[in-house]
Amino acid sequence: MNSVYEEAKRFKQRYPSTVAWRIKKHCKIIEEHLNPGEEVKYVFVGQKNNAFYDIISTAAFAITNKRLLIANDRLLFGYFLYSITPDMFNDLTVVSGLIWGKVIIDTIKEEVYVTNLSKRSLDEIETKVTEYMMEEKKKYALRKAALSNFLAQAITHVVMHSTRFYTKKVSTKRYFM
């Protein structure tokens, strides 16, 4: 498996007009926060903000087999790490401007803006993020349906047994005579 930085570097080489700085630092944060068994499927870089003129908010974005990770190493100290699980994902919007494009990832809590992306990269990013999220949402739906089915059966079982228990008590003690 290639490192997160190698994948990000490849993305930047394919789309050189994408504005991104200090990529190695951002990718290191993602690598530090990968859980055991979690593997990176796709990496891209861009500005995590909603303003094309703000070029100091570079972040690395990694799709893993479990979630979408967004890492931003702060200039002086510390970092930000955001994690979006598939069940939190709502929608994805792609906007192509005059020079650059942007991707808006809509989650249950907020909208994540990725700006100053090469216009040629928009299709690839949209395809990778959407395919991954839709595939994972299917898995979540199957798990949720299985859990709902299990709970319904358990409740039915409890109700049936508790009804028999109370029926026996009432009939043996003759409360209604």
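Worth saying up front: this structure is predicted, and the values here are computed from it rather than measured.

Within the element layout of this structure, Thr58 appears in strand S2 (residues 58–64). If near-sequence neighbours (up to four positions away) are discounted, Thr58 is found in contact with Val19, Ala20, Trp21, His26, Gly46, Gln47, Ala71 and Asn72.

With that settled, consider the packing of aromatic side chains. Think of a pair of aromatic rings as described by two things: how far the centres are apart, and how the planes are tilted against each other in angle. Tallied over the full model, the rule gives five aromatic pairs. Their ring planes at 55 degrees and their centres at 5.1 Å tell us that Phe11 and Tyr15 sit as a pair that is tilted. For Phe11, a relative accessible area of 0% gives the class buried. What links up through ring pairs into an aromatic cluster is the set Phe11, Tyr15, Tyr42, Phe44 and Phe61. Just above the ring of Tyr5 sits the side chain of Lys24; from NZ or CZ to the centre is 5.4 Å. The ring of Phe77 has Arg74 sitting right over it, with the charged end atom 5.2 Å from the ring centre.

Right, let's get into the pattern of salt bridges. In the structure shown here, the tally under the stated rule is five salt bridges. Here Lys9 and Glu6 are joined by a salt bridge, their closest N and O atoms 3.8 Å apart. Separated by three residues within a single helix, Lys9 and Glu6 lie in helix H1 (residues 4–14), roughly one turn from each other. A residue is classified by how much of its surface remains accessible, and Lys9, at 31% relative accessible area, is partly exposed. As a salt-bridge pair, Glu7 and Arg10 come within 2.9 Å of each other at their nearest N and O atoms. Placement of both Glu7 and Arg10 in helix H1 is noted, with a separation of three residues, approximately one turn of the helix.

Another point: H1. Regarding H1, the residues found buried are Val4, Ala8 and Phe11. Down the axis of H1, the sector holding all buried residues measures 55 degrees, keeping them to one side.

Within the sequence span of helix H2 (residues 23–32), burial applies to Ile23, His26, Cys27, Ile29 and Ile30. For H2, the arc enclosing every buried residue in end-on projection is 150 degrees, short of the 170-degree limit, so these residues lie on one face. Along H2, exposed side chains directed more than 90 degrees from the buried face belong to Lys24 and Lys28.

About the thresholds
- What you see as residue numbers is a count from 1 along each chain, following the sequence as written.
- Residues qualify for local features only when their pLDDT is at least 70, as the model is predicted, and side-chain atom pairs are given and counted only at 80 or more; totals for whole chains, interfaces and linings, by contrast, use all residues.
- Based on all heavy atoms of the structure, the side-chain values leave hydrogens and waters out of the count.
- A run of H or I in DSSP counts as a helix once it spans at least four residues, and a run of E counts as a strand once it spans at least two, with each numbered from the N terminus.
- Here, residues are in contact when the closest pair of their heavy atoms is within 4.5 Å.
- In summary, the pairing rule links any two rings of Phe, Tyr or Trp, Trp by its six-membered ring, whose centres are within 6.5 Å, and it sorts them by plane angle into stacked for under 30 degrees, edge-to-face for over 60 and tilted for everything else.
- Note on exposure labels: buried denotes an accessible area under 20% of the residue type's maximum, exposed denotes more than 50%, and partly exposed covers the range between, all computed with a 1.4 Å probe on protein chains only.
- Our definition puts a charge over a ring when NZ of Lys or CZ of Arg is within 6 Å of the ring centre and also within 35 degrees of the ring normal.
- One side-chain nitrogen of Lys or Arg within 4 Å of one carboxyl oxygen of Asp or Glu is enough to make a salt bridge.
- This arc corresponds to the set of directions leading from the helix axis out to the C-beta atoms.

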